[in-house]
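# Structural features, examined
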Number of protein chains: 2
Amino acid sequence: MSFSTKGEYGVRLMVQLGRHYGAGPASLAEIATEEALPRPYLEQLVMSLRDAGLVVSTRGAHGGYELARAPEEIRMADILRALEGPIAPMICASEDEAPDHQHACDRTARCSVNLLWVRIRDAISGTLEGMTLADLVPQRTSLVEPQPAARTATTPEPLGV
Amino acid sequence: MSFSTKGEYGVRLMVQLGRHYGAGPASLAEIATEEALPRPYLEQLVMSLRDAGLVVSTRGAHGGYELARAPEEIRMADILRALEGPIAPMICASEDEAPDHQHACDRTARCSVNLLWVRIRDAISGTLEGMTLADLVPQRTSLVEPQPAARTATTPEPLGV
DNA sequence: ACTAATCCCGACGGAATCACTCGGAATTCG
DNA sequence: CGAATTCCGAGTGATTCCGTCGGGATTAGT
């Protein structure tokens, strides 16, 4: 039960882009150095992020990548979905299932276990939907005027245990 | 981002044991047939469950496995931890970390990303802690005298999204 | 126009993990 | 005794992960 390095590296990449936000494109070489990650590998990750419309690229010398919109406007759910695919702790609880169509599991009497995976999926996507990239970017002191209300407001609720 | 078949098959195994609860040990051969799963594979899964104290075994002829306690008393969190190891969406957010000791990640300035993984971890373990095996066992009609109060009582609440 | 920087993109490969299988020893019931 | 069953470690084919490699296209500076 864990995310792959795609998710990890990709999020770290996005956080770096969040720090550079508003200061023009940042090259992959810079980011790879700052985060001590293999640049060729980041290349394929950033492709997914670009295809998802989360970052925009500038080609040529002094080119690079930058966020497509403000960190506050980018939900972590979108980032991780772009990197890891649909959030599904189990095949029979994927997000992109044809809702009326068959489940993958036609096992023993309507698969009561499905409830479990659906609950887990909703818990994950719920917290991911409630966080934005801004929650992870170490304080962007005085770049855009900080609005501390937003950060606490996004937190859903303490969630029982 | 998904659980392995260990989690899936193991949970299904436990649900079957939940149905047989109170009726003596059930052999793996039975369960493998009922769920259409490879019996030799279930063998290694049930070992983990036994080591975790969730099931008890009876050796020899007419032996088998049964739940160590009532389905209402077995949290899904315990089952999945036994099967899949500690719940950790990322290495730097494992449940069994030495809290005062180092994090695995000493990356760029105290790893603000860690917050993300911790939130996800807590969301997962929260829902898992709030569910018991009884929530997944299709109604235990008239095996042991049914107590419908317990079944609805264990269900925590609809859980927002 | 040339060069250096950078993104773009597909293919390849070693290593790890997954999802089992196999064979047999130990234990218990009839 | 013999059949049923748990116990347990070792082995294995396929798949996925985690990158690497090589080169092509695009742009800024000079």
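It should be noted that the structure appears before, not after, this text.
All values reported here derive from a predicted model rather than from experimental measurement.

### Focus on the nonpolar core
Judged by nonpolar contacts, the single largest core of 83 residues is most densely connected at W117 of chain A together with W117 of chain B. Those residues within four positions of W117 of chain B in sequence are excluded, and the remaining contacts are F3, G7, E8, V11 and L80 of chain A together with P89, M90, C92 and A93 of chain B.

### Things to note about the pattern of salt bridges
Opposite charge on two side chains allows them to pair when their charged atoms are near. Taken as a whole and assessed by the stated rule, the structure comprises 16 salt bridges over all chains. Close ionic contact of R50 of chain A with D51 of chain A constitutes a salt bridge, the shortest N to O distance being 3.2 Å. Note that E8 of chain B and R12 of chain B form a salt bridge whose closest N and O atoms lie 3.2 Å from each other. Separated by four residues within a single helix, E8 of chain B and R12 of chain B lie in helix α1 (residues 5–19), roughly one turn from each other.

### Brief notes about the protein's contact with DNA strand C
The environment of DNA strand C is formed by 26 residues, the closest being L28, E43, S57 and Y65 of chain A together with Y9 of chain B. Considering the 4 Å shell around the protein, atoms of DNA strand C inside it are sugar or phosphate in 67% of instances. A distance of 2.9 Å separates a phosphate oxygen of DNA strand C from a polar backbone atom of L28 of chain A. Contributing elements (two or more residues each) for the surface near DNA strand C: α3 (39–51), β1 (55–58) and β2 (64–67) of chain A together with α1 and α3 (39–51) of chain B. The greatest single-element share of the surface near DNA strand C, amounting to four residues, is contributed by α3 of chain A.

### Observations concerning the protein's contact with DNA strand D
Taken together, 25 residues surround DNA strand D, and among them L28, E43, R50, S57 and Y65 of chain B come closest. For DNA strand D, the backbone makes up 69% of the atoms found within 4 Å of the protein, where backbone means sugar plus phosphate. Contact distances for DNA strand D include 3.3 Å between a base nitrogen and a side-chain N or O atom of R59 of chain A. S57 of chain B is positioned with one of its side-chain polar atoms (N or O) 2.5 Å from a phosphate oxygen of DNA strand D. Ranked by residue count, the leading element in the surface near DNA strand D is α3 of chain B, at four residues.

What counts, and at which threshold
Here the residue numbering is sequential within each chain, running from 1 through the sequence in written order. The order in which chains are written sets their letters, starting at A; the order in which ligands are written sets their numbers, starting at 1. Only residues with pLDDT of 70 or above have their local features reported here, since the model is predicted, and side-chain atom pairs are shown and tallied only from 80 upward, although totals for entire chains, interfaces and linings are computed over all residues. Remark: hydrogens and water are excluded; side-chain values derive from all non-hydrogen atoms of the structure. In this text, buried Ala, Val, Leu, Ile, Met, Phe, Trp, Tyr and Cys residues form a nonpolar core when linked through side-chain atoms within 4.5 Å. The rule is simple: take the accessible area with a 1.4 Å probe, protein chains only, and divide by the maximum for that residue type; under 20% is buried, over 50% is exposed, in between is partly exposed. Residue contacts follow a heavy-atom distance rule, with two residues in contact if any of their heavy atoms lie within 4.5 Å. A pairing counts as a salt bridge when a side-chain nitrogen of Lys or Arg comes within 4 Å of a carboxyl oxygen of Asp or Glu. Helix and strand labels come from DSSP, where a helix needs a run of H or I of at least four residues and a strand needs a run of E of at least two; each type is numbered from the N terminus. Proximity is defined per residue: if any heavy atom of the residue lies within 4 Å of a molecule or strand, that residue is considered near it. In protein, a polar contact means a hydrogen-donor-capable atom and an acceptor-capable atom, both N or O and within 3.5 Å, with residues adjacent in sequence counting only if both atoms are side-chain atoms; elsewhere, any N or O pair within 3.5 Å suffices.

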